[in-house]
Amino acid sequence: MNARVSPLRKPARGERLRVPGDKSISHRALLFAALAEGESRIAGLAGGDDVRSTARCLAQLGVPLLRGDGTPWQPKPGSRDAATAVARAERPKGSAPLPERDSEMGPDDAIVLGQGLSGLREPVLRLDCGNSGTTIRLLTGILAGAGVEATLVGDESLSRRPMERVARPLRQLGAAIETTEGKPPVIVRRGHPLRGQAIGSDVASAQVKSAVLLAGLFAEGETSFTEPAKSRDHTERMLRMMDAQVAQRGTTVTVRGKASLRGFALDVPGDLSSAAFLIAAALIAPEGTSLSLEHVGVNPTRAGFLDALAMFGARLKLELEEASGPEPVARLSVSAQKLRGAQLDGDLVLRAIDEVPILAVLGAAAQGETVIRGAQELRVKESDRIAQMAAGLRAMGARVEELPDGLRIEGGALRGGADIDSAMDHRIALAFSVAALAAREPTSISGAEWADVSFPGFYDLLRQLGADVELS
Ligand code: S3P
């Protein structure tokens, strides 16, 4: 799909908007609920393709997933795993009654019938993780612990991403895992019980940390994970909510094995990483633009974007809402403003790692120079995001220097009039769509359908805000 996005000429106004549920939390909610004793109810799941990949894999592992309206979640028609998963989606005796269709729960809500730590079934087919790094990395940890033999594969983009960072520590715990020259397909072998160990990592990664902690739940004794800086802590918060024993000391997290996890009810906060695109769009839109977003997750290990905005000189109103789960949520209000260039690095960049593409767009629209450093991990995301942002912003008329671990951007007005390819990367599609709104001439984004990985409905929302978007 091609999206031709024209500059926004008139101020936009949006009140009390909601963004899709947090992707990181949605993956975890489904995966952890599958390992719980009993039923979990999850509201407001991210509706994008990535979380669907997690749900599809779980169905193949024999985990009954029901939609909020009580019907089984339907994997791809025709697959043998699909047939079994649907057949098994019968509810155990004594379960709480399902909500009335379309009343208490919406289309993004799910009920997961947990199988406990020893209830996963070996899949008949390979597990297709699609475009999703979180799915393949966290599932590898779970399967290694559960002793379930499986092959995990992904699409062309995922098949280029490093898996040894997960396989290596899991082998230290006793797992037998094969990667394909360090990348997917990944094979997890059965019959290798795990023993708790102290694992050290030279990369701060929540996916690696989560894979190790999840495997640690199945291991004998305690498993700890130490990383160079603290990555997002959704896993730790959620496991505590499920009564697992999780301790944190500095950048070391320890989990006790042979745990029993309690089922839960969770309302997934809106995704700050998706909200970031709308906030950025409002900041660089015509004067008079204002936007407020409700129920956005503002976990401090994830909210570096908000601190980065302050460094651009932007004012944003944050009102904490009453949290119903382990994650803080807030209402965020923002209006169009003049921005000045910013120097972003270190811990802030780690806490805003998925927001670097849109921060680069803000840098291009700000007055003065913006330098982003310490973002080398972006080279191994869904695409090489440093290279994609540098090339795309240059095509739109910005002066950009590509650094090994970031970007140096000369701010000013963007010309636009470019053809940008999303490179199978949702955040590249989204970032350049926002950049196009603030440019002088229309910009075309090919592969715009990748936006659906994390932000289904994004282009409809832009249109509602008054943007001229042609999809073809
Ligand atoms: C994520 C962790 C981060 C982030 C990704 C989601 C997670 O990746 O970039 O989008 O849900 O744990 P790394 O663990 O590779 O840093």
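Note: the structure precedes this text.
Bear in mind the structure is a predicted one, so any value in this text is a computation, not a measurement.

## Some details on the side chain of Thr-179
Inference 1: Inspection of the secondary structure assignment puts Thr-179 in strand 8 (residues 177-180).
Inference 2: For Thr-179, the side chain forms a polar contact with the main-chain nitrogen of Gly-182, separated by 3.1 Å.
Inference 3: Thr-179 has contacts with Met-163, Glu-164, Ala-167, Arg-171, Pro-185 and Val-186, leaving out every residue within four places of it along the chain.

## A short note on the sheet that holds strand 16 (residues 316-321)
Inference 1: Strand order in the open sheet formed by four strands is 2-15-17-16, and the pairing between neighbours is mixed. The open sheet has two edge strands, strand 2 (13-17) and strand 16, and neither has a second partner. The sheet shows a mean angle of 20° between the axes of neighbouring strands, direction not considered.
Inference 2: Pairing geometry for strand 16 and strand 17 (residues 329-335), over six bridges, is antiparallel. Bridging from a neighbouring strand, Leu-316 pairs with Val-334 of strand 17.

## Remarks on the site of the ligand
Inference 1: In the region of the ligand, the neighbouring residues are Ser-24, Arg-28, Thr-134, Arg-137, Ser-205, Ala-206, Gln-207, Arg-232, Ile-353, Asp-354 and Lys-381.
Inference 2: At 3.1 Å, a backbone N or O of Ala-206 approaches an oxygen atom of the ligand.
Inference 3: Within the side chain of Lys-381, one N or O atom sits 2.6 Å away from an oxygen atom of the ligand.
Inference 4: Within the complex, 94% of the 380 Å² of free accessible area of the ligand lies under protein.
Inference 5: Going through the elements one at a time, helix 1 (23-34), helix 4 (133-146) and helix 6 (206-218) are the ones with two or more residues in the shell around the ligand.
Inference 6: Classifying every residue of the shell around the ligand gives two nonpolar, four polar and five charged.

## Overview of unusual backbone geometry
Inference 1: A cis amide bond, omega -5°, links Pro-184 with the succeeding residue Pro-185.
Inference 2: Within the secondary structure layout, Pro-185 lies in strand 9 (residues 183-188).
Inference 3: In this model, Arg-16 sits at a positive phi of 50°, which is unusual for a non-glycine residue.
Inference 4: Of note in this structure, His-295 is not a glycine but carries a positive phi near 60°.
Inference 5: Residue placement: His-295 occurs in strand 15 (residues 290-297).

## Here's the deal with the sheet that holds strand 10 (residues 198-200)
Inference 1: Here four strands make up an open sheet; going across it, the order is 10-11-13-12 and the pairing mixed. The sheet is open, and its two borders are formed by strand 10 and strand 12 (246-249), each paired with just one other strand. Between one strand axis and the next, the sheet turns through 15° on average, direction left out of account.
Inference 2: Pairing of strand 11 (residues 222-226) with strand 13 (residues 252-256), which is carried by five bridges, proceeds in the antiparallel orientation. In the sheet register, Ser-224 faces strand 13, and the bridge partner there is Thr-254.
Inference 3: Of the strands in this sheet, strand 12 and strand 13 are in contact with helix 7 (residues 234-241), which crosses strand 12 at around 140°.

## Considerations on the pairing of strand 3 (residues 37-43)
Inference 1: In this structure, strand 3 lies alongside strand 5 (residues 110-115), joined through six bridges in antiparallel fashion. Its bridge partner lying in strand 5, Ile-42 is registered against Ala-110.
Inference 2: Relative to strand 14 (residues 265-267), strand 3 runs parallel, the two being bridged by three bridges. For Arg-41, the partnering residue across the bridge sits in strand 14 and is Ala-265.

## Observations concerning the pattern of salt bridges
Inference 1: One pass over the full model with this rule turns up 34 salt bridges.
Inference 2: Residues Asp-425 and Arg-385 are paired through a salt bridge, measuring 2.8 Å at the closest nitrogen-oxygen approach. Here the residue Asp-425 occupies a position in the loop between strand 22 (419-421) and helix 13 (426-437), and Arg-385 occupies one in helix 12 (residues 385-395), the gap between them amounting to 40 residues. Both residues of the pair, Asp-425 and Arg-385, count as buried.

Thresholds applied
Residues numbered from 1 in each chain as written. Predicted model: local features only at pLDDT ≥ 70, side-chain atom pairs only at ≥ 80, totals over all residues. Heavy atoms only, no water. Helix = DSSP H or I, 4+ residues; strand = E, 2+ residues; numbered from the N terminus. Polar contact = N/O pair within 3.5 Å; in protein donor to acceptor, adjacent residues only side chain to side chain. Contact = heavy atoms within 4.5 Å. Pairing = 2+ DSSP bridges. Axes fitted to C-alpha atoms, helices over the stretch in contact; angles between N-to-C directions. Near = heavy atom within 4 Å. Areas by Shrake-Rupley, 256 points an atom, 1.4 Å probe, with all protein chains shown as cover. Nonpolar A, V, L, I, M, F, W, Y, C, P; charged D, E, K, R; others polar. Salt bridge = Lys/Arg side-chain N within 4 Å of Asp/Glu carboxyl O. Buried < 20%, exposed > 50% of the residue type's maximum accessible area, 1.4 Å probe, protein only.

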